[in-house]
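# Results of the structural survey
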Amino acid sequence: MSGFENFGVRGDLADDVLLECGICWTRYDPAEGDAVAQIAPGTPFSVLPDDWRCPNCDAPKAKFMAVES
């Protein structure tokens, strides 16, 4: 799978998967949450609010890609 096929909000992600912004490469780690948006640690990407945006560059959720381990 190419990186571009990985874009978009997906519901099949594991709760602990790391995601990375395709614009600025900021990572969303569910274990850490997002202090900027007051998202609690342990919050999976799939349950973030629809209007959640990258805390660094303001990109929408659809611009995030799963980081392959």
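Right, let's get into the sheet that holds strand β1 (residues 19-21). Strand order in the open sheet formed by three strands is β2-β1-β3, and the pairing between neighbours is antiparallel. Two strands bound the open sheet, and with one partner strand each, they are β2 (27-28) and β3 (64-66). Examined bridge by bridge, β1 and β2 share two bridges and lie antiparallel to one another. Within β2, the position partnered with L19 by the bridge is Y28.

As for its placement among the helices and strands, P60 is situated in the loop between β2 and β3. As a C-alpha pair, P60 and I23 span 37 residues in sequence and 9.9 Å in three-dimensional space. Ignoring anything within four residues of it in the chain, the contact list for P60 reads W52 and R53.

Before going further, it helps to examine the pattern of salt bridges. Under the criterion given, the structure shown has two salt bridges. As a salt-bridge pair, R27 and E20 come within 3.0 Å of each other at their nearest N and O atoms. Accessibility expressed as a relative area gives 17% for E20, which makes it buried. A salt bridge links D58 to R53, with the shortest nitrogen-to-oxygen separation between them at 3.4 Å. On the accessibility criterion, D58 (46% relative accessible area) is partly exposed.

The biggest cluster of nonpolar side chains holds 13 residues, and the ones touching the most others in it are L19, Y28, F45, L48, W52 and F64. Elements with a minimum of two residues in this core: β1 and β3. Every residue in contact with Y28, bar those within four places of it in the chain, is listed here: V17, L18, L19, G33, D34, I39, T43, P44, F45, L48, W52 and F64.

With 83% of its residues at a pLDDT of 70 or more, the chain has an overall mean of 87. In the predicted structure, residues 1-5 sits below a pLDDT of 50 and forms four contacts with residues beyond four places in sequence or in another chain.

Let us now look at the environment of E20. For E20, the location among the structural elements is in strand β1. With 46 residues separating them in the primary sequence, E20 and A66 have C-alpha atoms 6.4 Å apart. Among all residues touching E20, those that are not within four sequence positions of it are W25, T26, R27, K63, F64, M65 and V67. A distance of 3.0 Å separates the side chain of E20 from the side chain of R27, its partner in a polar contact.

Calculation rules
- Residues numbered from 1 in each chain as written.
- Predicted model: local features only at pLDDT ≥ 70, side-chain atom pairs only at ≥ 80, totals over all residues.
- Heavy atoms only, no water.
- Pairing = 2+ DSSP bridges.
- Helix = DSSP H or I, 4+ residues; strand = E, 2+ residues; numbered from the N terminus.
- Contact = heavy atoms within 4.5 Å.
- Salt bridge = Lys/Arg side-chain N within 4 Å of Asp/Glu carboxyl O.
- Buried < 20%, exposed > 50% of the residue type's maximum accessible area, 1.4 Å probe, protein only.
- Core = buried A, V, L, I, M, F, W, Y, C linked by side-chain atoms within 4.5 Å.
- pLDDT = per-residue confidence, 0-100.
- Polar contact = N/O pair within 3.5 Å; in protein donor to acceptor, adjacent residues only side chain to side chain.

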